[in-house]
Amino acid sequence: MRLLICLLVLISTSLHGQESKTFTLRTIAFYNCENLFDTENDSLTFDDDRTPDGSYHWTQERYLKKVENLSKVLAQIGEDTSKTSPDVIGLCEVENRKVVEDLVHHPNLLDKGYEIIHFDSPDERGIDVSLLYKTSSFLPTSFKSHRLLLFDDMGEREYTRDQLVVGGIMDDEELYFIVNHWPSRRGGPAKSQPFRVRAALLNKRIIDSVRTLNPDAKIIAMGDLNDDPIDDSLKKVLKTKAKASQLDSISLFNPMESLFRKGIGSLAYGDKWNLFDQIFMTPNLVTENREGLSFWKAGIFSAPFLKTEKGRYKGYPLRTYSGGTYTAGYSDHFPAYVFLIKEIE
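Residues numbered from 1 in each chain as written. Predicted model: local features only at pLDDT ≥ 70, side-chain atom pairs only at ≥ 80, totals over all residues. Heavy atoms only, no water.

Observations concerning unusual backbone geometry
- Notably, Glu34 is not glycine yet its phi reads approximately 50°, a positive angle.
- A relative accessible area of 5% means that Glu34 is categorised as buried.
- One non-glycine residue, Lys83, adopts positive backbone phi at about 65°.
- Relative to the assigned elements, Lys83 resides in the loop between helix H2 (79-82) and strand S3 (88-94). (Buried < 20%, exposed > 50% of the residue type's maximum accessible area, 1.4 Å probe, protein only. Helix = DSSP H or I, 4+ residues; strand = E, 2+ residues; numbered from the N terminus.)

Focus on helix H1 (residues 60-76)
- Spanning 17 residues, H1 covers 25 Å between terminal C-alpha atoms, matching the ideal 24 Å at 1.5 Å per step.
- Regarding H1, the residues found buried are Tyr63, Lys66, Val67, Asn69, Leu70, Ser71, Val73, Leu74 and Ala75. (Expected span 1.5 Å × (residues − 1).)

Thoughts on the packing of aromatic side chains
- All chains considered together, the criterion is met by 14 aromatic pairs.
- Between the aromatic rings of Trp273 and Phe334, the centroid separation amounts to 6.0 Å while the plane-to-plane angle is 20°, which identifies the pairing as stacked. Remark: Phe334 occurs in the loop between strand S19 (325-326) and strand S20 (336-343) and Trp273 occurs in strand S15 (residues 272-274); sequence separation between them is 61 residues.
- Residue class for Trp273 comes out partly exposed when judged on its relative accessible area of 31%.
- An aromatic cluster is present here, built from Tyr56, Trp58, Tyr321 and Tyr326 joined pairwise through their rings.
- The ring of Trp58 has Arg50 lying over it, and the distance from NZ or CZ to the ring centre is 6.0 Å. (Phe/Tyr/Trp six-rings, centres within 6.5 Å; stacked < 30°, edge-to-face > 60°. Lys NZ or Arg CZ within 6 Å of the ring centre and 35° of its normal.)

Some details on the pattern of salt bridges
- In this structure the tally under the stated criterion is 20 salt bridges.
- Glu34 is the partner of Arg319 in a salt bridge, and the nearest nitrogen-oxygen pair spans 3.4 Å. You can see Arg319 sitting in the loop between strand S17 (294-300) and strand S18 (321-322) and its partner Glu34 sitting in strand S2 (residues 18-36), a full 285 residues away along the chain.
- Looking at Arg319, the relative accessible area reads 38%, which means it is partly exposed.
- For Arg261, the salt bridge is made with Glu257, and the minimal N-O distance between the two is 2.9 Å. Of this pair, Arg261 and Glu257 both sit in helix H6 (residues 256-261), four residues apart, which is roughly one turn of that helix.
- Residue classification places Arg261 among the exposed positions, given a relative accessible area of 59%.
- Put simply, Arg185, Arg196, Asp227 and Asp231 are held in one network by salt bridges that share partners. (Salt bridge = Lys/Arg side-chain N within 4 Å of Asp/Glu carboxyl O.)

Some details on the nonpolar core
- Counting 70 residues, the largest nonpolar core has Leu91 and Phe177 as the members making the most contacts within it.
- At eight residues, the largest contribution of residues to this core is made by S2.
- Look past the residues within four positions of Leu91 in its chain and what remains in contact with it is Phe30, Tyr31, Cys33, Leu74, Val100, Leu103, Asp128, Val129, Ser130, Leu132 and Val179.
- Counting 21 residues, the second-largest nonpolar core is a separate cluster that includes Val165, Ile178, Ala199 and Leu252. (Core = buried A, V, L, I, M, F, W, Y, C linked by side-chain atoms within 4.5 Å. Contact = heavy atoms within 4.5 Å.)

Remarks on the confidence of the model for the protein chain
- Confidence along the protein chain averages 92 in pLDDT terms, with 94% of residues attaining 70 or more.
- Below a pLDDT of 50 lies the segment residues 1-18, which in the model reaches 40 contacts outside its immediate sequence neighbourhood of four places, other chains included. (pLDDT = per-residue confidence, 0-100.)

Right, dumping it as structure tokens:
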């Protein structure tokens with residue numbers, strides 16, 4: 001669906017003159033699905049807990065409820081503004097392509113026209129990243145899964161998620177998406193930080209390689225980074241900036257930093273909010289004259305139905321399990337999204 005929105009552009013600060021412009025609107029979203037596992041035991045991964053006989057008693061009924069819940073969320077991200085579901089969605093913590101197919105085939109999403117790009121990652125738990133896209137909005141022309149090689153202090157391999165890179169055409173422009181799920185904070189933020197720095201370095205290499213081939217390519221990276229927008233992996237490695245006025249040729253624009261500094265988060269732990277779910281982009285998507293596809297605004301989708309209603313965790317994301325007890329919720333993360341606009345001549 002092509003949606004037209006009208007914005008008023010101020011010709012002068014005194015508001016004596018106004019010019020009306022019309023734009024197409026595209027929504028790009030990311031969602032951590034929090035352990036979207038099927039009920040089958042995969043002998044090659046540590047998924048035993050997410051089976052009917054496992055510690056979580058993960059039954060077909062619970063799986064189908066999870067799919068219903070997640071599809072409901074995906075259908076509504078940004079809908080208040082766009083009047084439709086997102087054009088492109090990055091996902092993480094999905095076990096395999098089949099669970100993603102079950103998502104897009106659910107009645108909540110079936111008529112949206114989503115297709116899937118998915119690769120299996122070597123993560124020891126068997127979780128992957130995926131990209132959903134509407135065929136009416138985006139035409140993929142390339143896709144590749146980039147392996148993140150990590151080793152612990154003893155030289156043992158740490159198996160984690162790949163970074164998925166998809167290039168294609170949106171509104172007659174070349175656009176690339178990178179879907180991430182960086183290493184967790186297991187063992188503590190400081191001890192695990194080098195792994196996320198390595199993930200950021202891989203992200204930077206991918207972005208640099210794409211821009212070497214096409215300096216004008218527009219690139220959007222998204223994911224659960226397990227770091228906040230002010231952490232070293234973002235600020236020092238990727239050189240992200242919160243304001244368009246701070247951007248230069250080697251930096252990236254991260255609108256999530258401004259949200260974070262306002263106290264907005266996508267997940268909560270230990271009475272503290274974090275904003276691990278982020279979407280950032282190359283400077284050519286943030287231009288004053290809005291040439292072609294351009295960033296408009298960003299947000300965290302935290303509708304009331306996604307929140308715990310009462311108790312100690314009131315206001316936190318309503319999880320599928322809380323303290324090992326099944327709560328029939330959605331995810332321990334809220335989704336992130338950005339709006340892109342392009343002026344219609």
